[in-house]
Amino acid sequence: MLKPPDDTVKRRLTERSHIIIAVAFLIERGISRDDIAEELARCYYVDMDELNDVLAGIPVSNPVPFAAVA
């Protein structure tokens, strides 16, 4: 994610629908679930309770590709 310039105020990310969009954006770009909160907190004031609820609803995928296991 892009960092805002230092002279601007962070925007709030508190609406569930906006958090879902932000999480999907980061996951599509390869950010791990463990790093999503940190990435969002760099640019936004995040409702962490809502973020944790959204992340809890996302199934954990197998981090090891099947080709690497065989």
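The structure we're discussing is the one just above.
Residues numbered from 1 in each chain as written. Predicted model: local features only at pLDDT ≥ 70, side-chain atom pairs only at ≥ 80, totals over all residues. Heavy atoms only, no water.

Visitor: Could you clarify how one ought to interpret the overall build of the protein chain in this entry?
Guide: Broken down by element type, the protein chain carries 4 helices and 2 strands. Each helix and strand of the protein chain, ordered N terminal to C terminal, gives the series β-α-α-β-α-α. Here the protein chain holds 70 residues, and the buried ones make up 20% of them. (Helix = DSSP H or I, 4+ residues; strand = E, 2+ residues; numbered from the N terminus. Buried < 20%, exposed > 50% of the residue type's maximum accessible area, 1.4 Å probe, protein only.)

Visitor: What is the right way to look at the environment of S17 in this model?
Guide: With respect to the element layout, S17 can be found in helix α1 (residues 16-28). Using a relative accessible area of 44% as the deciding quantity, one classes S17 as partly exposed. Distance from S17 to V54, taken between C-alpha atoms, is 9.5 Å for residues 37 residues apart in sequence.

Visitor: Where do I start with the packing of α1 against helix α3 (residues 48-56) in this structure?
Guide: Packed helices, taken two at a time, are described by their axes: the angle between them and the distance between them. Where α1 contacts α3, the axes come no closer than 10 Å and their chain directions differ by 55°. By the criterion of interaxial angle, the relationship of α1 to α3 is oblique. By crossing handedness, the relation of α1 to α3 is classed as right-handed. The residues of α3 that touch α1, namely those facing R16, I19, I20 and V23, are E50, L51, D53, V54 and L55. When the residues that make up the contact of α1 with α3 are grouped by side-chain class, the tally is 6 nonpolar, no polar and 3 charged. (Axes fitted to C-alpha atoms, helices over the stretch in contact; angles between N-to-C directions. Parallel < 35°, antiparallel > 145°, perpendicular 65-115°, else oblique. Left-handed = near helix turned anticlockwise from the far one by under 90°. Contact = heavy atoms within 4.5 Å. Nonpolar A, V, L, I, M, F, W, Y, C, P; charged D, E, K, R; others polar.)

Visitor: In this structure, what is going on with the packing of aromatic side chains? I would like to understand it.
Guide: Where two aromatic rings form a pair, the distance of their centres and the angle of their planes describe that pair. In this structure the tally under the stated criterion is 0 aromatic pairs. The cationic tip of K10 hangs over the ring face of Y45; the distance from NZ or CZ to the ring centre is 5.3 Å. (Phe/Tyr/Trp six-rings, centres within 6.5 Å; stacked < 30°, edge-to-face > 60°. Lys NZ or Arg CZ within 6 Å of the ring centre and 35° of its normal.)

Visitor: What's the story with the nonpolar core in this structure? I'm lost.
Guide: Among the nonpolar cores identified, the biggest contains 11 residues, and these are L13, I19, A22, V23, L26, I36, L40, V46, L51, V54 and L55. Elements supplying a minimum of two residues to this core: α1, α2 (33-43) and α3. With 4 residues, the single largest contributor to this core is α1. Beyond its immediate sequence surroundings of up to four residues, V46 is in contact with L13, L40, A41 and L51. (Core = buried A, V, L, I, M, F, W, Y, C linked by side-chain atoms within 4.5 Å.)

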